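If you want the building blocks of each chain, they are given just below.
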Amino acid sequence: MNKQSLQEFKVNFCQNTKCQVRQDHFMPLQQIIQCQYYHNNSDKRRNSNNYKPIYICDQNNEGNDFCNNIIEYLYHPRIYGTLPCKFEKSQNCNVQHCPFKHDENQIKQAFQYKIFTKLNQILESKSKENDLLFNSKKYIQRIEINQFEDLKHEFKQFKEIRMDLIMNYICAFLNSQGGILYIGITDKGIIQGIKMTRKQKDDFQIEFDNNLRHFDPIVLPEQVELMFVPIYKDELIMIQDLFVIEIKINVVDKKQLYFTNQNEAYIKRNATINQLKPKEIKDLVLLKLMS
């Protein structure tokens, strides 16, 4: 990749409606970088080099001084072509737009830069722990998750997807403090997963969005984030079409009281939810207005 191509890589939004990356954002890195355009904030690059070539997985990057995501880090002019290729061995890599080094000349160039700081060592160690360079997130089947059910976390394992129950939990989180609903994890925190083909994922997304549109008041897109996280048999082998569905609910207005598409209101209480009765709705509205 020449200097101009590197400068423009992932800077412009992808306009191809049939792009595989655009259809499925939760791909491994080697597939995401096959497209030279960005699809969301996770693979968007800035065209300025005024930020440092350091990636620390810190959402509190208020000054925008560091790389906002792994793509900005790997394609920073001082990083590009300096890290060992992890897709395949050396010259055998055939990944388009691969950001890693493949020959001895590039290996020698890597040591000319004084970039292997403590923060870069953290990045390397993280990549071994959770495969950061190839997949932003994954779960290992039958492993117990390092999280407990509480006011902001809920586990559900369905034999069949129940969209009505999912909407009740979203409503409860919106009326409380927000949180994350994990579908495909048992009540004991064991990762089992939900089997879903690409079509089933698309149908789920459509039904999910349609139900949210009928909430009162309207739920804004930034309030609910949906993610299909892949499940692996072990650290290397991904199980096809098996996912944990993560639904992150963000509270943007604590004074609002939300009702589902069935005109019901719920709140979250530790590891469960409760439907509100008319008097409880009145009391909660007053409490929210006074807060």
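Because the structure is predicted, anything quoted here is derived from the model rather than measured. (Residues numbered from 1 in each chain as written. Predicted model: local features only at pLDDT ≥ 70, side-chain atom pairs only at ≥ 80, totals over all residues. Heavy atoms only, no water.)

**Details of unusual backbone geometry**
Okay, so step 1: In this structure, P217 follows D216 across a cis peptide bond, with omega equal to 0°.
Okay, so step 2: Relative to the elements of secondary structure, P217 occurs in the loop between α8 (198–213) and β5 (224–232).
Okay, so step 3: Even without being glycine, N270 reaches a positive phi, approximately 50°.
Okay, so step 4: Topologically, N270 is positioned in the loop between β7 (266–269) and β8 (272–275).
Okay, so step 5: By relative accessible area, which is 55% here, N270 ends up exposed. (Helix = DSSP H or I, 4+ residues; strand = E, 2+ residues; numbered from the N terminus. Buried < 20%, exposed > 50% of the residue type's maximum accessible area, 1.4 Å probe, protein only.)

**Brief notes about helix α7 (residues 163–174)**
Okay, so step 1: With twelve residues, α7 should reach 16 Å at 1.5 Å per residue; the first-to-last C-alpha distance of 16 Å fits that figure.
Okay, so step 2: A large share of α7 lies buried, amounting to eleven of its twelve residues. (Expected span 1.5 Å × (residues − 1).)

**Topic: the pattern of salt bridges**
Okay, so step 1: The full count for this structure, using the stated rule, is six salt bridges.
Okay, so step 2: The closest approach of N and O atoms between E154 and K268, which form a salt bridge, is 3.0 Å. Here the residue E154 occupies a position in strand β2 (residues 153–156), and K268 occupies one in strand β7, the gap between them amounting to 114 residues. For the pair formed by E154 and K268, the shared burial category is buried.
Okay, so step 3: Between D203 and K199 there is a salt bridge whose closest N-O contact spans 2.8 Å. Linking D203 with K199, this pair stays in helix α8, spanning four residues, or about one helical turn.
Okay, so step 4: Among the residues examined, K199 registers a relative accessible area of 57% and is labelled exposed. (Salt bridge = Lys/Arg side-chain N within 4 Å of Asp/Glu carboxyl O.)

**Description of the side chain of N175**
Okay, so step 1: Note that N175 resides in the loop between α7 and β3 (179–183).
Okay, so step 2: Accessibility expressed as a relative area gives 5% for N175, which makes it buried.

**Focus: the environment of Q205**
Okay, so step 1: Take Q205: it is sitting in helix α8.
Okay, so step 2: Given a relative accessible area of 30%, Q205 falls into the partly exposed group.
Okay, so step 3: Along the sequence, Q205 and L226 sit 21 residues apart, while their C-alpha atoms lie 8.3 Å from each other.

**Quick look at the packing of α7 against α8**
Okay, so step 1: Two elements in contact, α7 and α8, have axes whose closest approach is 11 Å; the angle formed by their N-to-C orientations is 50°. The angle between α7 and α8 places the two elements in the oblique class. For α7 against α8, the interelement crossing comes out right-handed. Two secondary-structure elements touch here, α7 through M163, I166, M167 and I170 and α8 through F204, E207, F208, N211 and L212. (Axes fitted to C-alpha atoms, helices over the stretch in contact; angles between N-to-C directions. Parallel < 35°, antiparallel > 145°, perpendicular 65-115°, else oblique. Left-handed = near helix turned anticlockwise from the far one by under 90°. Contact = heavy atoms within 4.5 Å.)

**Digging into the nonpolar core**
Side chains of a nonpolar character, in soluble globular proteins, are inclined to be buried together.
Okay, so step 1: Counting 30 residues, the largest nonpolar core has I166, I170, F204, F208 and I247 as its most contacted members.
Okay, so step 2: Tallying contributions element by element places α7 first for this core, with ten residues.
Okay, so step 3: Once residues lying within four places of it in the same chain are set aside, the contact partners of I170 are F208, L212, F215, V224, I247 and I249.
Okay, so step 4: In terms of nonpolar packing, the next biggest core, distinct from the first, is built from 19 residues, L6, L29, C67 and C98 among them. (Core = buried A, V, L, I, M, F, W, Y, C linked by side-chain atoms within 4.5 Å.)

**Overview of the environment of Q177**
Okay, so step 1: With respect to the secondary-structure elements, Q177 resides in the loop between α7 and β3.
Okay, so step 2: Contact partners of Q177, with chain neighbours within four places excluded, come to L151, K152 and V251.

**Let's talk about the pairing of β3**
Okay, so step 1: Extensive coverage of β3 is indicated by the burial of five of its five residues.
Okay, so step 2: Both faces of β3 are covered, namely the face carrying G179, L181 and I183 and the face carrying I180 and Y182.
Okay, so step 3: Inspection of the sheet shows β2 paired to β3 by four bridges, in the parallel sense. Bridge pairing in β3 places H153 opposite I180. (Pairing = 2+ DSSP bridges.)

**Some words on the side chain of N168**
Okay, so step 1: Looking at the element boundaries, N168 is found in helix α7.
Okay, so step 2: Given the relative accessible area of 12%, N168 is considered buried.
Okay, so step 3: Every residue in contact with N168, bar those within four places of it in the chain, is listed here: T260, E264, Y266 and I273.

**Details of the packing of aromatic side chains**
One pair of aromatic rings is described through two measures. These are the centre distance and the angle between the planes.
Okay, so step 1: The tally for this structure, following the rule as stated, stands at seven aromatic pairs.
Okay, so step 2: Seen from their ring centres, F155 and Y182 are 5.5 Å apart, and the 70° between their planes marks the pair as edge-to-face. Of the two residues, F155 sits in strand β2 while Y182 sits in strand β3, which places them 27 residues apart along the sequence. Judged on exposure class, the residue F155 and its partner Y182 are both buried.
Okay, so step 3: Between F204 and F228 the ring centres are 5.9 Å apart and the planes differ by 75°, which places this aromatic pair in the edge-to-face class. In this pair, F204 sits in helix α8 while F228 sits in strand β5, placing the two residues 24 residues apart along the sequence.
Okay, so step 4: By relative accessible area, which is 4% here, F204 ends up buried.
Okay, so step 5: For F228, a relative accessible area of 5% corresponds to the buried category.
Okay, so step 6: Aromatic rings pair up to connect F204, F208, F228 and F243 into one cluster.
Okay, so step 7: For K201, the ring lying beneath its charged end belongs to F228, and the centroid distance is 5.2 Å. (Phe/Tyr/Trp six-rings, centres within 6.5 Å; stacked < 30°, edge-to-face > 60°. Lys NZ or Arg CZ within 6 Å of the ring centre and 35° of its normal.)

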